[in-house]
Amino acid sequence: MQQAQSQSSSSGPRHQGQSSSDGSKHGSTTSIREYLINAKTHLQTQLRRDDRQGRVNLVIGNESADLDSITCALVYGYTQSASRADDLLIPITNIPASDLALRPELTALLKYANASPSDLITLDDLGGIPLPLASTNVWLVDHNALQGTLGKHYSDAVCGVIDHHDDEGKVASDVHPRIIEKSGSCSSLVTNYCHDAWESMPSGRSSGNMAGASAQVAKLALGSILIDTYNLESGDKVKDHDRKAVDYLEAKIQASGDDYDRDTFFEKINSAKSDIDGLSLPDILRKDYKQWSEGVLTLGISSVVKPVDYLRDKAAKADSDFIKTLVDFAKARKLHLYAVMAAYTAESGSFARQLLLLSLEDGKPTAALHRFTRSSSDELQLQTADLQTFSGTERVPFCGFYDQKNITASRKQVGPMLRQAMGE
């Protein structure tokens, strides 16, 4: 981390005043799609350079690549790039391109910016040879500890972070920005931080479904905030950061003359997010997936938008053993512990959560889940649910299925609890 510390403390963020080697004028970009085309071209140019000396600025969202993570990278990269005449930040969607099809809500939202998932810059675009640390700057959004392959290559290049998860202490204290605060959506923190850069952008021309690129970008950020806060109605999640951001973004949209209605906009994106009928069970499990390592143990968590019964029925229709499908998914990722978190609207119309826990091995993994259930049951209000739901022959050392009555606790809260139990 020393590299990021020294450069950010001596001269501020390393990208300021840096020009791109392809000579394009990024400050004149007027649409998200044009910005992404320029960014992808610049990245490809740098990857082809024999000397690998050109400056590359990456904005990286987290590994689950949910709507919030993707739009955070887009909004941060776009506003910071467009406010300067000769500087470019490249937003990285932290999944392979093949996984973009698993996110119908992303497709629905990008249409408001006259863009499509194929315009995004994914892990596939980064290539197999890492960029040199000496000429690479990395900003993290919607996470504050770079995981996986990118973490192995670029952790020491991190020079800024904006996140709303618990601080894992992996990013130096003097990087810029370093914003790790609670909010319903990380897009709210990004929007509020980027206010000055946003206001300094060129006004742009009409494009897509909205008059003005600024209104397009505003809808991207707004879509994520409304999804994460359930249309600003999740009282436990919504913070002042979210309200401030929504006011600013809606003003941008209304100033463009767009015929905007918050409820209608939210319902379209939310309906798309819930429409997973066309996905296989393994695809549903990897749609919103994250994993972590603690010591010798590795944990994976899939977040899904349907109840566990729905997942079981998916397996039955495919003539598959439900638990075996989960175990195969976990083994393919070399997990020791695996959790499925279901968050959905019940038939009664109320919001509900379920938690399914699996240990793949006896010993430490199983002991960790026993510790978790002992230490966290009260806080999460876990009520043992009916395991008879799961027919089949697959057996694992630990299989726990619970109704989670504390519906305010999402993966942001449950993940750290599981990781703490793994580390004890």
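These notes cover the structure that comes with them. Fair warning: this is a prediction, and the values are worked out from it, not measured in the lab.

## Quick notes on unusual backbone geometry
In this structure, the amide linkage connecting His 176 to the following residue, Pro 177, adopts the cis form with an omega of -5 degrees. Its location among the elements puts Pro 177 in the loop between β4 (158-163) and β5 (178-180). Not every positive phi belongs to a glycine, and Asp 319 is a case in point at roughly 55 degrees. With respect to the secondary-structure elements, Asp 319 resides in the loop between α13 (308-317) and α14 (322-332). Asp 319 sits in the exposed class, given a relative accessible area of 76%. The backbone phi angle of Lys 334 is positive, close to 55 degrees, even though this residue is not glycine. Mapped onto the fold, Lys 334 is located in the loop between α14 and β8 (337-345). The exposure class assigned to Lys 334 is exposed, which follows from its relative accessible area of 70%.

## Section: the nonpolar core
Proteins that are soluble and globular tend to have nonpolar side chains buried together. The biggest cluster of nonpolar side chains holds 79 residues, and the ones touching the most others in it are Ile 32, Leu 58, Tyr 76 and Val 190. Judged by nonpolar contacts, the second largest core, of 29 residues, contains Leu 285, Tyr 289, Tyr 338 and Tyr 344.

## What about the pairing of β4?
With respect to burial, β4 is a largely interior element, 6 of its 6 residues being buried. Direction of pairing for strand β3 (residues 136-141) relative to β4: parallel, over a ladder of 4 bridges. Its bridge partner lying in β4, Leu 140 is registered against Val 161. Note on the crossover from β3 through helix α6 (residues 148-154) to β4: the handedness is right-handed. Here β4 pairs with β5 via 3 bridges, running parallel. Along β5, the bridge assignment pairs Ile 162 with Ile 179.

About the criteria used
- Residues numbered from 1 in each chain as written.
- Predicted model: local features only at pLDDT ≥ 70, side-chain atom pairs only at ≥ 80, totals over all residues.
- Heavy atoms only, no water.
- Helix = DSSP H or I, 4+ residues; strand = E, 2+ residues; numbered from the N terminus.
- Buried < 20%, exposed > 50% of the residue type's maximum accessible area, 1.4 Å probe, protein only.
- Core = buried A, V, L, I, M, F, W, Y, C linked by side-chain atoms within 4.5 Å.
- Pairing = 2+ DSSP bridges.
- Right-handed = clockwise from strand over helix to strand, strands pointing away.

Keep in mind that these numbers describe shape and distance, not what the molecule does.
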